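Listed below are the residues making up each chain.
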Amino acid sequence: MEREQALQIVKPQLTEHRYQHTLGVMGTAIKLAEKYGADIKKAELAAIFHDYAKFRPKDEMRQIIEEQKMPAILLEFNSELWHAPVGAFLAEKEAGIDDKEILDAIRYHTSGRIGMTLLDKVIYLADYIEPGRHFPGVEEVRELAEDDLDRALIQSMKNTIQFLMKKNQPVFPDTFNAYNSIVQNSGG
Ligand SMILES: Nc1ncnc2c1ncn2[C@@H]1O[C@H](COP(=O)(O)OP(=O)(O)O)[C@@H](O)[C@H]1O
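I will try to describe carefully the structure that is included in this document. (Residues numbered from 1 in each chain as written. Predicted model: local features only at pLDDT ≥ 70, side-chain atom pairs only at ≥ 80, totals over all residues. Heavy atoms only, no water.)

**Some remarks on the packing of aromatic side chains**
Here is step 1 of the chain: Enumeration over the complete set of coordinates arrives at three aromatic pairs.
Here is step 2 of the chain: Seen from their ring centres, phenylalanine 77 and phenylalanine 172 are 5.2 Å apart, and the 75° between their planes marks the pair as edge-to-face. Separated by 95 residues along the polypeptide, phenylalanine 77 in the loop between α4 (58-67) and α5 (83-95) and phenylalanine 172 in the loop between α9 (149-166) and α10 (173-185) bring together distant segments of the chain.
Here is step 3 of the chain: Consider the rings of tyrosine 128 and phenylalanine 135, whose centres lie 4.9 Å apart with planes at 75°: the pair is edge-to-face.
Here is step 4 of the chain: Take tyrosine 128: its relative accessible area is 12%, and that puts it in the buried class.
Here is step 5 of the chain: Looking at phenylalanine 135, the relative accessible area reads 29%, which means it is partly exposed.
Here is step 6 of the chain: Stacked on the ring of tyrosine 19, the Lys or Arg lysine 11 has its end atom at 5.1 Å from the ring centre. (Phe/Tyr/Trp six-rings, centres within 6.5 Å; stacked < 30°, edge-to-face > 60°. Helix = DSSP H or I, 4+ residues; strand = E, 2+ residues; numbered from the N terminus. Buried < 20%, exposed > 50% of the residue type's maximum accessible area, 1.4 Å probe, protein only. Lys NZ or Arg CZ within 6 Å of the ring centre and 35° of its normal.)

Spelled out as structure tokens, the structure:
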């Protein structure tokens, strides 16, 4: 699917602010894909669709998680996490995206997972550092992303875990698992 067609499908699903975020993720994902050797067209499409389900009603997302037999543990955690796996499902069902790598990058863009693919990493990080993001620590991750994808990911996951812990919020285990998996597999 070409960029313009994909954007036309996604735009009506999002607010203007979230659409601008999506364009930021797209641009950043393409740059990261070029730098680190990921598939540029897949990075572009995954970025465009990453927040496709962001504004679906909670009840609809819960129903999809149950009916599609997605991990039930999702329902025990913040519903902010749900749009990622539900987005992968709907991008396939409604927009006909059938590339498994793209769908996985959408599915894991919020939590990460054990054994993240290069494309998963590009989309996770692009979502974190796109130019519209302004939060403490983002600039450090942007700088790390200039020359070390894994160090940038580790730092972004650390920030997210610390942010949640400071607020006494539960941390969905996939993020711990993703963090451990990258720390154990990257050169240190
Ligand atoms: N492991 C986790 N456990 C619980 N909440 C998380 C986890 N990872 C991310 N979140 C929360 O999910 C929300 C959405 O994250 P994200 O998808 O990165 O943002 P956005 O939808 O704005 O792109 C954030 O509030 C974030 O704190």
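**Overview of helix α3 (residues 40-49)**
Given 3.6 residues per turn, any residue in an α-helix points the same way as the ones three and four places further on.
Here is step 1 of the chain: Taken across its 10 residues, α3 has eight buried, putting it largely inside the fold.
Here is step 2 of the chain: Of the surrounding secondary structure, the elements contacted by the buried residues of α3 are α1 (3-10), α2 (16-36), α5, α6 (100-107) and α7 (118-129).
Here is step 3 of the chain: N-cap assignment for α3: the residue whose side-chain oxygen lies 3.0 Å from the backbone N of lysine 41 is aspartate 39. (Contact = heavy atoms within 4.5 Å. Polar contact = N/O pair within 3.5 Å; in protein donor to acceptor, adjacent residues only side chain to side chain.)

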